[in-house]
Amino acid sequence: MALTEHTLDSEQLLEGGFLRVYRDRVRLPDGSEARREYIAHPGAVAVLPLTEAGELVLVRQYRYPVRQTFLEIPAGKIDAGEAWLATAQRELLEETGYTARRWHALPVAHPCIGYSDEKIAYFVAEGLIAGDSQPDEGEFVEVEHLPLTEVIARAQRGELSDSKTLTGLFWLQAWQSGMLRSEPL
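These numbers were taken from a predicted model, which means no experiment stands behind them. (Residues numbered from 1 in each chain as written. Predicted model: local features only at pLDDT ≥ 70, side-chain atom pairs only at ≥ 80, totals over all residues. Heavy atoms only, no water.)

(A) Spotlight on the overall build of the chain. The helix and strand tally for the chain stands at three helices and 10 strands. Listed N to C, the secondary structure of the chain is β-β-β-β-β-β-β-α-β-β-β-α-α in terms of helices and strands. The principal-axis extents of the C-alpha atoms in the chain amount to approximately 60 × 40 × 35 Å. Taking all 185 residues of the chain together, 40% fall into the buried category. The contacts in the chain between residues at least 6 apart in sequence include a share of 57% that link residues at least 24 apart. Working note: accessible area of the chain is about 10700 Å², and carbon and sulfur atoms make up 52% of it. Across the chain, the centroid of the 18 positively charged side chains sits 4 Å from that of the 29 negatively charged ones. (Helix = DSSP H or I, 4+ residues; strand = E, 2+ residues; numbered from the N terminus. Buried < 20%, exposed > 50% of the residue type's maximum accessible area, 1.4 Å probe, protein only. Contact = heavy atoms within 4.5 Å. Areas by Shrake-Rupley, 256 points an atom, 1.4 Å probe, with all protein chains shown as cover. Lys, Arg positive; Asp, Glu negative; His and termini not counted. Charge placed at Lys NZ, Arg CZ, Asp CG, Glu CD.)

If you want it as structure tokens, here you go:
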């Protein structure tokens, strides 16, 4: 059986600063109709910055929707017309103050497929050069360096719950082991 649902009509319910919310009427594979609500997102990047000492550069920040502070990999939304790599380079600098000599692309993930079309492109940044962070207005982050082994241990103990960070760690380990190939950019 084909599983595709076909859009019959679409209504935009909200347009925010960068998110849009839609309610669509769809035809299901069996011919019946249903409603689907979802968030349209411009896309984002996530960066796994690795120091020469084997540390991962992380950011600690408060996430308002869940009213909690998280330790996570640097990330941010793509701006209109901006390339994935340019977004990754910009976000790394803004949040951590680092630039990188070497970049590697990892796969793209879809973190919230039940209610959003968001996709996140992952990158490894190596050959880090320290500088001054340039946070966006209203963005407050603390930079933290931890041995990659400690970050993975925290994830395995359930102490890290941010899905983009967990996905990034999974792909980073696969890339480091040679199971996931990526040419330098």
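Having put the structure on the table, let's press on.
(B) Spotlight on the layout of surface pockets. In this structure, the largest pocket occupies an estimated 1200 Å³ of space. Looking at the largest pocket, it is lined by 36 residues, and the ones nearest its centre are Phe 18, His 41, Arg 63, Pro 65 and Glu 118. Contributing elements (two or more residues each) for the lining of the largest pocket: strand S4 (44–49), strand S5 (55–63), strand S6 (68–72), strand S7 (75–77), helix H1 (84–96) and helix H3 (163–177). Of the residues belonging to the lining of the largest pocket, the class tally is 16 nonpolar, seven polar and 13 charged. (1 Å grid on protein atoms, 1.4 Å probe; cavity = no way out; pocket = protein on both sides within 12 Å on 5 of 7 lines; lining within 4 Å. Points joined across faces, edges and corners; volume = space filled by probe spheres on them. Nonpolar A, V, L, I, M, F, W, Y, C, P; charged D, E, K, R; others polar.)

(C) Representation of the environment of Val 124 in the model. On the secondary structure map, Val 124 appears in strand S9 (residues 120–129). As a C-alpha pair, Val 124 and Glu 139 span 15 residues in sequence and 23 Å in three-dimensional space. What Val 124 contacts, discounting residues up to four positions off in sequence, is Leu 48, Leu 50, Arg 102, Trp 103, His 104, Leu 106, Leu 172 and Trp 175.

(D) Region of interest: the nonpolar core. One finds Leu 56, Tyr 122 and Leu 169 to be the most contacted residues of the largest nonpolar core, which totals 24 residues. For this core, the secondary structure elements donating two or more residues are S4, S5, strand S8 (99–109), S9, helix H2 (148–156) and H3. Residue contacts for Leu 56: discarding those within four places in its chain leaves Leu 48, Pro 49, Leu 50, Ile 73, Glu 144, His 145, Leu 146, Leu 148, Val 151 and Leu 169. Grouped together as the second largest cluster of nonpolar side chains are 12 residues, Leu 92, Ala 100, Phe 123 and Ala 125 included. (Core = buried A, V, L, I, M, F, W, Y, C linked by side-chain atoms within 4.5 Å.)

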